[in-house]
Amino acid sequence: MKAIVCVKQVPDTSGKVAVKENGQLDRASMATITNPDDLAALEAALKLKDTTGCEVVVVSMGPPTAESMLRECLARGADRAVLISGREFGGSDTFATSQIIAAGINKIGIDEEDVIFCGRQAIDGDTAQVGPQIAEKLHLPQVTYAAEIEKEGNSLIVKRLLEDGFMRIKVQTPCLITCVKELNEPRYMSVSGIFECFDKEIEILDYPALQDDPLIEVDTIGLKGSPTNVFKSFTPPQKGAGTMLAGDDVANQMASILAKKHLI
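Here we summarise the structure given alongside this text.

The rules we used
Residues numbered from 1 in each chain as written. Predicted model: local features only at pLDDT ≥ 70, side-chain atom pairs only at ≥ 80, totals over all residues. Heavy atoms only, no water. Helix = DSSP H or I, 4+ residues; strand = E, 2+ residues; numbered from the N terminus. Buried < 20%, exposed > 50% of the residue type's maximum accessible area, 1.4 Å probe, protein only. Contact = heavy atoms within 4.5 Å. Core = buried A, V, L, I, M, F, W, Y, C linked by side-chain atoms within 4.5 Å. Phe/Tyr/Trp six-rings, centres within 6.5 Å; stacked < 30°, edge-to-face > 60°. Lys NZ or Arg CZ within 6 Å of the ring centre and 35° of its normal.

Scanning the protein chain for helices and strands turns up seven helices and eleven strands. Judged by the C-alpha coordinates and their principal axes, the protein chain covers about 70 × 45 × 40 Å. In the protein chain, which comprises 264 residues, the proportion classed as buried is 43%. The long-range share in the protein chain, meaning contacts at least 24 apart out of those at least 6 apart in sequence, stands at 71%.

Dropping the structure here:
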């Protein structure tokens, strides 16, 4: 049994956001982190490993620099790391990205009891589309927004988070689950894990390694295979300093300020 976890290296939104003159994000000059929802997905896989002894495989599509993130996942307890990387994959939108990652998962192999975990969405794109698209292209059942997961034989009982409550769904494996950050508290890297992660080899899947998969075609990957593109990225203007109100007549002061701004 395998737990395959899709992770993404994203810009650290708490730092400076750099934008090129053409309106695209200058990712090379920004600090990066592991996507927070993906850490929840990794923790879900590691908990499954704790109870079943399954193998945890982390998969990421990105540039060679993403290897550092994958080693952090190994230090947290993952067993294998696979990086899907190639110039042919650059500029992919969610459709093309899901094509490529699905082909990579096909290369790894999916067995009867396997589970694919993804984060709900990435903090850079916020589309929440890649996970469900991977499931569709692999012809797997999927459950999104998982806030609780229990294994029951060859099935999973998933508590799905909704806007106004929860829904419990039983899904047969193999399947794909997208996880919300409320699902768990990701564990820290262990000291021994940090030392050992540098001794583990990261498998690289480039274009030649995946080109024979039916999902990989020139018209379905990279910029050419992306039906949607980001028109422009920009750093939003900073908000002005707030105003502190004190005294016994705070309500009157606030009403006066709002009236001057013609808000009331």
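Now that the structure has been shown, we can carry on.
Moving on, we come to the nonpolar core. Val-5, Leu-42, Val-56, Val-58, Leu-70, Phe-117 and Ile-177 are the most contacted members of the largest nonpolar core, which has 34 residues in total. With six residues, helix α1 (residues 36-52) is the single largest residue contributor to this core. Excluding anything up to four places from it in sequence, Ile-177 contacts Val-115, Ile-116, Phe-117, Cys-118, Val-143, Ala-146, Ile-149, Leu-156, Val-158 and Val-171. Core analysis: the second largest hydrophobic core is formed by 27 residues, Leu-138, Leu-176, Leu-205 and Leu-210 among them.

Looking now at the packing of aromatic side chains. Counted according to the given criterion, the structure contains one aromatic pair. Above the ring of Phe-95, the side-chain terminus of Lys-137 is found at 3.8 Å from the ring centroid. Here the guanidinium or amino end of Lys-159 rests over the ring plane of Phe-166, the centre of that ring lying 4.0 Å away.

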